[in-house]
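# Commentary on secondary and tertiary structure
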Amino acid sequence: MKIIVFIEQIVSTQVKLQGVDYFDSSRVSEDDLVINPSSKNALEGALKLKDDLSAEVTAVCVRGLKPNKALREAIAMGCTDAIEVVDETIHTDDPLLLAKVYVGILEKIGEFDLVLLGVEEQSTSSYAIGAMLSEKLGLPSVLYAEELEVIDTGYKIGHVLEGGRKIVVMPKKGVISCSDSQYFTPRYTSMRGILTAKRAVIPVWTAAELGLSSNVVGKEAASLVEVSFSNIVLDKESYMITEGEPEEKVDNLLSKLKEDEVKLGV
Amino acid sequence: MKILVFGQIREETIEENTLGVINKLANVSGITVIESALLGGDVSNELIEELGKHGVNKVYTVKAPELEVYLSRPYVKSFLEIIEKSEPNLVIAAGTVYGEDLIPRLAVHHGVSCAQRITDLTVEGKEFHFHTPVRDDQAMKIYKIEGAIKFATSRSGAFFVNENPSGGLPDIETVEISFSDEDKLVKHIEIKKAERTVNLKDAKVIVAGGRGVGGKEQFQIIRDLAKILGGEIGATRACTDVNWIEETYEIGQTGQSVSPDLYIAAGISGAPQHLSGVKAKTLIAINTDEGAAIFNYADYGIVGDLHAILPILKQKLQG
């Protein structure tokens, strides 16, 4: 069984870069780059299947400033191998173009059984890629999965639903997006995995090797076009308490609430 | 300009965010016709009337056993047919789990991308502008879509529902769709409804915990503080999913929507999925991460460990 996991590398949200600055790659160091937590949920889903079914798990990263770093971490978590796709012509901000790139990668890989990815592409706040990819592939899919059980015909999957959870069954070959749930809580890297990752040879593919030209996956092919990008100016200022011991912070808060005549309690 | 809205049904009524989207569209200049598609095992006249009241001019209905519960393929097939009949300029759905599943698929079939979780929609000349917050709502990207038909989802909770709608009866067109085995590859087994034994909607004070609480036993401090304040407790889905707290207390897109006078968010990062269910007069946030999104929405914020802060707060309020 072969599972492909598409992961995204993002700038850590812990980085103190606000608003548009967060997206300025010149302000970001390699230490700031992490695997999207949503992608880690997908990695965990694949690795659980690897544990249970001896599956082969290939991590693929297209999005990120240093995809190689993310892929080595994926191998350290337990992935069998990894593929890096780097090409400046690929415009990954448009989810449809990203879906086309993913299809190109899967075609080059050849045989596969299951594709897993995170629910959210965080760098573009996009939730569309799972649906778009499955539609492009013509494969069944379940999005927002919270738990997954292997059954004879495929998978029994519980997915997020407003007001509860929906249980469905899906055939063996398909696409699943994994959400931030207890089941998909990612494992840590292991010492053995870290050593394996250090030695791993990660191939680098280009758009041309995938048979994709810039008029198919480049910026000129994008249908989602950015008109403007600006910081949001909040109409209210938060009263932030950052300094002091816990008791001083509480005193500070209570005195400010009193000053502002905010009633605590019913 | 004509818009087609995914008429989402939840517990035999029109889903609230869908009504919000329709109300928003009715107030965007340049939009002249709003149509909606209602799909289901059965579609009642009450649902159609409700859409009409909120400003929908025409409703397409498709009734089939395969549409009883949302599944991607039967719904995509039905919508592609309806889009051909409607010829809208924009197809939009409220950003629910189903809306976010459907819209990107429809966009793929029309060879275009889609805008997601928009918080505003404007018309500039003949262009739709889709306003999309990014980086925990610190920045705004405005997109347009190149293509004959545009596709978008709204953010849950982004648009308010008109409490006194006054529209009339819409036109109705029934559409017949037949489904093959290929449309039924994913099969529905059951929906497990979350138990809602506590109604948080009318709570005036809520103390809510997130992943930062750290465990079931640690939730006691949230309970204690809520009790002292005479309020209720709440939680994010991450906490109910791991059974730190009963699912009835889940607040957010997939839980309850609340509008208290005071909301204390402890160890909550501030994901849109949670905050879309919170409309508080005053929000106090406590989080160790100074960059947490929750502070963008807080009136008062303490950067610190809730396990150190809340016991002291409890003690001082008791004293």
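Residues numbered from 1 in each chain as written. Chains lettered and ligands numbered in written order. Predicted model: local features only at pLDDT ≥ 70, side-chain atom pairs only at ≥ 80, totals over all residues.

### A few points about the overall build of chain B
In plain terms, the rule: Helix and strand definitions follow DSSP, with helices as H or I runs of at least four residues and strands as E runs of at least two, each counted in order from the N terminus. All radius of gyration figures rest on C-alpha atoms, and the globule criterion is 2.2 Å times the number of residues raised to 0.38. Burial is judged by counting other C-beta atoms within 10 Å of a residue's own C-beta: 20 or more means buried, 12 or fewer means exposed, and anything between counts as partly exposed, with every C-beta placed from the backbone. In this description, any two residues whose backbone-derived C-beta atoms lie within 7 Å of each other are considered to be in contact.
Secondary structure assignment for chain B yields nine helices and 18 strands. Over its C-alpha atoms chain B spans a radius of gyration of 21 Å, differing by no more than 12% from the 20 Å that the globule rule assigns to 319 residues. With the C-alpha coordinates aligned to their principal axes, the bounding extent of chain B is approximately 65 × 45 × 35 Å. When the 319 residues of chain B are sorted by exposure, 56% land in the buried category. When contacts within chain B are restricted to residue pairs at least 6 apart in sequence, those whose partners lie at least 24 apart make up 67%.

### Observations regarding the overall build of chain A
Looking only at helices and strands, chain A has seven helices and twelve strands in total. For chain A, the spread of C-alpha atoms along the three principal axes comes to 65 × 45 × 40 Å. Restricting the contact set of chain A to residue pairs at least 6 apart, pairs at least 24 apart contribute 71%.

### Side note on the nonpolar core
Basically, it comes down to this: Each nonpolar core reported here comprises buried Ala, Val, Leu, Ile, Met, Phe, Trp, Tyr and Cys residues connected via C-beta atoms within 7 Å.
Grouped together as the largest cluster of nonpolar side chains are 120 residues, with contacts concentrated most on Val5, Ile7, Leu43, Ala59, Ala74, Val101 and Leu116 of chain A. Per element, the largest residue contribution to this core is eight residues, and it comes from helix α3 (residues 95–109) of chain A. Leave out the neighbours within four places in its chain, and Val5 of chain A touches Ala42, Leu43, Ala46, Val57, Ala59, Val60, Leu116 and Leu117 of chain A. Judged by nonpolar contacts, the second largest core, of 51 residues, contains Leu225, Leu229, Ala235 and Ile268 of chain B.

### What about the interface of chain A and chain B?
For clarity, the threshold we go by: Strands are labelled as partners when DSSP assigns at least two bridges between them.
With 68 residues of chain A at the contact, the number on the chain B side is 72 residues. Breaking the side of chain A that touches chain B down by element, the ones donating at least two residues are α3, α4 (129–137), β6 (141–151), β7 (154–161), β8 (164–171), β11 (224–231), β12 (239–241) and α7 (246–259) of chain A. Where β12 of chain A lies against strand β18 (residues 300–303) of chain B, three bridges are found, and the strand directions are parallel. Residue pairing for β18 of chain B: Met240 of chain A is matched across the bridge by Gly301 of chain B.

### Quick notes on α4 of chain A
Extensive coverage of α4 of chain A is indicated by the burial of seven of its nine residues. Residues of α4 of chain A that are buried: Ile129, Gly130, Ala131, Met132, Leu133, Ser134 and Glu135 of chain A. Where α4 of chain A is buried, its residues touch α3, β5 (114–118), β6 and β9 (174–178) of chain A together with α4 (97–109) of chain B. Positioned one or two residues after α4 of chain A, Gly138 of chain A has a phi angle of 70°, which is positive.

### Quick word on the environment of Asp299 of chain B
Assignment of secondary structure puts Asp299 of chain B in the loop between α8 (294–297) and β18. By the C-beta count within 10 Å, which is 20 here, Asp299 of chain B ends up buried.

### Concerning the sheet that holds strand β5 (residues 58–63) of chain B
Residues and elements named next belong to chain B. Here is the rule we go by: Axis definition: a line fitted to C-alpha atoms, over the contacting stretch in the case of helices. Angles run 0 to 180 degrees between N-to-C directions.
Strands sit in the order β7-β11-β6-β1-β4-β5-β12 across an open sheet of seven strands; the sheet is parallel. Two strands bound the open sheet, and with one partner strand each, they are β7 (115–118) and β12 (171–174). Ignoring which end each strand starts from, the neighbouring axes of this sheet average 25° apart. When strand β1 (residues 2–6) meets strand β4 (residues 33–40), the two strands line up parallel, connected through five bridges.

### A closer look at the packing of helix α3 (residues 72–86) of chain B against α4 of chain B
Residue and element names in this part refer to chain B. Put simply, the rule reads: What sets the label is the angle itself: under 35 degrees gives roughly parallel, over 145 gives roughly antiparallel, 65 to 115 gives roughly perpendicular, and the rest give oblique. Note: crossing handedness is left-handed where the near helix turns anticlockwise from the far helix by less than a right angle, and right-handed where it turns clockwise. Polarity classes work like this: nonpolar for Ala, Val, Leu, Ile, Met, Phe, Trp, Tyr, Cys and Pro, charged for Asp, Glu, Lys and Arg, and polar for all others, with Gly in that last group.
Remark: α3 packs on α4, axes separated minimally by 10 Å, with the N-to-C direction vectors making an angle of 55°. Looking at the two axes, α3 sits oblique to α4. Relative to α4, α3 is oriented so that their crossing is right-handed. Listed contacts from α4 to Ser72, Tyr75, Val76, Phe79, Leu80 and Ile83 of α3 are Asp101, Leu102, Arg105, Leu106 and His109. Split into classes, the residues belonging to the contact of α3 with α4 amount to seven nonpolar, two polar and two charged.

### Some details on the domain arrangement of chain B
What counts, and what does not: Boundaries of every domain are those given by an automatic assignment or by a domain database.
Under the domain assignment used here, chain B contains domain 1 (2–184) and domain 2 (205–318). When its residues are assigned to classes, the side of domain 1 of chain B that touches domain 2 of chain B shows no nonpolar, three polar and three charged.

### Comments concerning the pairing of β1 of chain B
Residues and elements named next belong to chain B. Where burial is concerned, most of β1 is hidden: four out of the five residues are buried. Summarising the sheet, β1 and strand β6 (residues 90–94) pair through three bridges and their orientation is parallel. Bridge pairing in β6 links Ile3 to Leu90.

### Concerning the confidence of the model for chain B
Stated precisely, the cut-off is as follows: Each residue gets a pLDDT score, which is the predictor's confidence in that residue and runs from 0 to 100.
Mean pLDDT over chain B: 95, with 100% of residues reaching 70 or higher. For this predicted complex, the interface score ipTM comes out at 0.95, while the overall pTM is 0.93.

### What about the packing of α7 of chain A against helix α9 (residues 306–318) of chain B?
Relative orientation of the contacting elements α7 of chain A and α9 of chain B amounts to 55°, with a least axis distance of 9 Å. Relative to α9 of chain B, the element α7 of chain A lies oblique. Pair α7 of chain A / α9 of chain B crosses with right-handed handedness. Here α7 of chain A contributes Pro246, Glu247, Lys249, Val250 and Leu254 of chain A to the contact with α9 of chain B, which in turn contributes Ala308, Ile309, Ile312, Leu313 and Lys316 of chain B. The residue inventory of the contact of α7 of chain A with α9 of chain B, partitioned by class, reads seven nonpolar, no polar and three charged.

### Things to note about the sheet that holds strand β15 (residues 232–235) of chain B
Within the open sheet, the six strands sit side by side as β12(A)-β18(B)-β17(B)-β16(B)-β14(B)-β15(B). Their pairing is parallel. Both edges of this open sheet fall to β12 of chain A together with β15 of chain B, since each of them pairs with a single strand only. Taking the axes of each pair of neighbouring strands and ignoring which way they run, one obtains an average angle of 15° across the sheet.

### Focus on unusual backbone geometry
Residue and element names in this part refer to chain B. Phi at Glu87 takes a positive value of approximately 50°, unusual for a residue other than glycine. You can call Glu87 exposed: it has 11 C-beta atoms within 10 Å. Of note, the phi angle at Arg117 is positive, near 50°, even though the residue is not glycine. Classification of Arg117 as buried rests on a count of 22 C-beta atoms within 10 Å.

### Re the environment of Ala70 of chain A
Residue and element names in this part refer to chain A. Among the structural elements, Ala70 can be located in helix α2 (residues 67–77). Its 25 C-beta neighbours within 10 Å are what place Ala70 among the buried residues. Between the alpha carbons of Ala70 and Ala59 there is a distance of 9.3 Å; along the sequence they are eleven residues apart. Contact partners of Ala70, with chain neighbours within four places excluded, come to Ile7, Gln9, Ile35, Cys61 and Gly64.

### Thoughts on the pairing of β9 of chain A
All names here are of chain A. With respect to burial, β9 is a largely interior element, five of its five residues being buried. The side-chain alternation of β9 yields two buried faces, one formed by Gly174, Ile176 and Cys178 and the other by Val175 and Ser177. Relative to β9, β5 runs parallel, the two being bridged by five bridges. Paired with Gly118 across the bridge in β9 is Cys178. Pairing analysis gives three bridges linking β6 to β9, with the strands arranged parallel. In the strand pairing of β9, Ser141 is matched with Val175.

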